[in-house]
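# Per-entry structural report
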Amino acid sequence: MHFNSLFQIYSRTNLPMKFNRKVQSGLTLAIVFAAISLTACSMRVMYNYMDWIIPWYMDDYVTLTDQQDTSFDHSTIQFLKWHRAEQLPRYEEFVVSFRDAQTNPMSQRQVLLFFDDIWTLWDALITESMSYLLELSADLSEKQLQQINDALVSDIRKLRKKHGDRSEIQRRENWRNKMTDAVDDWLGVVTDEQVELIRLWSETRINTTDEWLEYRDNWRKKFMELLYNQQSIDYIDEMSTFLLNPQRMYSFSYQQAVAENKNHFAQFLADLSTTFTPRQRQHLQDKLAEIIDDIIELIDQEKILQS
């Protein structure tokens, strides 16, 4: 794991969209990109194959015509050119800033500011992909729209089977195990004190699984409703607003719980940072250095291409 780790941990605090390898809307190029690039085990290798991987993942949701396929391939290439030139330097800046902050324990406010930075990067992906998404969605047939809906329904059904049937005890045990694995990956080894912090975090966070699953289904319904009305005069504005502001689909109670869990998680990370041993802090620095090297190499590849 590399640049994905912070995103993976953050995604377990009830964010509007999970960073899974499968995308939530088979049309959102940015989500496809982020899902793969931020969960890849070898960022450099995967990144250089994104022009092939993105269309491959798209096939899970809709079968494009030859003309649509050609257009989508072109959009993918243009998007990746933008991302390599404009976003990778921002990723480098973010990771360097995060690395520099690890020389001492972090405060909750510092962690929350890093969360804000992550969402700024994420919003940039969504915003840049919007024109490509809207161009493609305007040319979808009735059959293709049905394919997308069926795929999204299937995704939600799998999520309900995986998460919905778990008991409260099983859910908290799952959070604890996944967080322990993530912290172990960052620090090399987890101490008894850190195990206890993880246990307390998993036992005190608000369980929003049922509300999250309901939100996912409501999101799908609204997304499909907009797609089926793509001839509407207001389609572009409505779809753009919808995709850029997913939290508008939150219920009031879910919105409150997400905000509380976010703050709770930030405090957990701040508390965790006070327990790092010198060896753990060095392990963390080494991993962040690897991430920075990966990003710099990808940036340098673009400079060579442009020379």
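All of these numbers come straight from a predicted model, not from anything done at the bench. (Residues numbered from 1 in each chain as written. Predicted model: local features only at pLDDT ≥ 70, side-chain atom pairs only at ≥ 80, totals over all residues. Heavy atoms only, no water.)

## Observations concerning the packing of helix H5 (residues 66–100) against helix H6 (residues 108–137)
Let me state the cut-off plainly: Orientation is described by lines fitted to C-alpha atoms, with helices fitted over the stretch in contact, and by angles between N-to-C directions that extend from 0 to 180 degrees. Put simply, DSSP H or I for four residues or longer makes a helix, DSSP E for two residues or longer makes a strand, and each gets a number counted from the N terminus. Oblique is the label for any angle not covered by the other classes, which are roughly parallel (under 35 degrees), roughly antiparallel (over 145) and roughly perpendicular (65 to 115). Each residue receives one of three labels: charged for Asp, Glu, Lys and Arg, nonpolar for Ala, Val, Leu, Ile, Met, Phe, Trp, Tyr, Cys and Pro, and polar for the others, Gly being one of them.
It is the contact of H5 with H6, at a shortest axis distance of 10 Å, that shows an interaxial angle of 170°. Considering their axes alone, H5 and H6 lie roughly antiparallel with respect to each other. Grouping the constituent residues of the contact of H5 with H6 by class yields 13 nonpolar, nine polar and four charged.

## Quick notes on the nonpolar core
Side chains that are nonpolar tend, in soluble globular proteins, to be buried together. Which entries qualify depends on this criterion: For our purposes a nonpolar core is just a set of buried Ala, Val, Leu, Ile, Met, Phe, Trp, Tyr and Cys residues, chained together by side-chain atoms within 4.5 Å. When a residue's accessible area, from a 1.4 Å probe over protein chains only, is under 20% of the maximum for its type it is buried; when over 50% it is exposed; and in between it is partly exposed.
Counting residues in hydrophobic clusters, the biggest one holds 77 residues, and the most contacted among them are Phe-115, Ile-148, Phe-223, Leu-227, Met-239, Leu-243 and Phe-268. It is H6 that provides the largest number of residues to this core, a total of 16 residues.

## A look at the packing of aromatic side chains
This is how it is decided: Two rings from Phe, Tyr or Trp (for Trp, the six-membered ring) form a pair when their centres are within 6.5 Å of each other. A pair whose planes differ by under 30 degrees is stacked, one over 60 is edge-to-face, and the rest are tilted.
Evaluated as defined, the whole model comprises 17 aromatic pairs. Ring plane angle 55° and centroid distance 6.0 Å describe the contact between Trp-201 and Phe-265, whose orientation is recorded as tilted. With Trp-201 in helix H9 (residues 192–204) and Phe-265 in helix H12 (residues 252–273), this residue pair connects regions lying 64 residues apart in the sequence. You can call Trp-201 buried: its relative accessible area is 2%. Members of the aromatic cluster, joined through ring pairs, are Phe-94, Phe-98, Phe-114 and Trp-186.

## Digging into the confidence of the model for the chain
Detailed reading of the predicted coordinates is not advisable wherever pLDDT is low. Selection rule: Each residue gets a pLDDT score, which is the predictor's confidence in that residue and runs from 0 to 100. Pairs of residues are marked as contacts when any of their non-hydrogen atoms sit within 4.5 Å.
Confidence in the prediction of the chain, expressed as mean pLDDT, is 82, and 82% of residues score 70 or more. Of all helices and strands in the chain, the one with the weakest mean pLDDT is helix H1 (residues 4–11) (38), whereas H9 scores best (97). Segment residues 1–41 is flagged for pLDDT under 50; beyond a separation of four residues in sequence, or across chains, it makes 143 contacts in the model.

## Observations concerning the environment of Gln-301
What counts, and what does not: Polar contacts, as used here, are pairs of N or O atoms within 3.5 Å; protein pairs need one atom able to donate a hydrogen and one able to accept it. Residues neighboring in sequence count only if both atoms are side-chain atoms.
In this structure, Gln-301 sits in helix H13 (residues 278–306). Those residues in contact with Gln-301, other than ones at most four positions away along the chain, are Asn-48 and Arg-84. A polar contact is formed between the side chain of Gln-301 and the side chain of Arg-84, at a distance of 3.2 Å.

## Examining H9
Quick note on the threshold: What a helix is expected to span follows from its residue count: subtract one and scale by 1.5 Å. Regarding the arc, it is the one traced by the directions from the helix axis to the C-beta atoms.
With 13 residues, H9 should reach 18 Å at 1.5 Å per residue; the first-to-last C-alpha distance of 19 Å fits that figure. Taken as a whole, H9 has its buried residues at Gln-194, Ile-198, Trp-201 and Ser-202. Each buried residue of H9 sits inside an arc of 95° when the element is viewed along its axis, so together they form one side. Those residues of H9 that are exposed and aimed more than 90 degrees away from the buried face are Asp-192 and Glu-193.

## Comments concerning H12
An ideal rise of 1.5 Å per residue puts 32 Å on 22 residues; H12 measures up with 32 Å between its terminal C-alpha atoms. Turning to H12, its buried residues number three or more, namely Tyr-254, Ala-257, Val-258, Asn-261, Phe-265, Ala-266, Phe-268, Leu-269, Ala-270, Leu-272 and Ser-273.

## Quick word on the pattern of salt bridges
To be explicit about the condition: Any Lys or Arg side-chain nitrogen located within 4 Å of an Asp or Glu carboxyl oxygen qualifies as a salt bridge.
Evaluation of the coordinates by the stated rule reveals 10 salt bridges. With its nearest N and O atoms 3.9 Å apart, the salt bridge here joins Asp-116 to Lys-262. Of this pair, Asp-116 sits in helix H6 while Lys-262 sits in helix H12, and the two are 146 residues apart along the sequence. In this structure Asp-116 comes out as partly exposed when scored by relative accessible area, which is 38%. The class of Lys-262 is partly exposed, set by a relative accessible area of 25%. Within this structure, Asp-217, Arg-220 and Lys-221 form a network of salt bridges that share partners.

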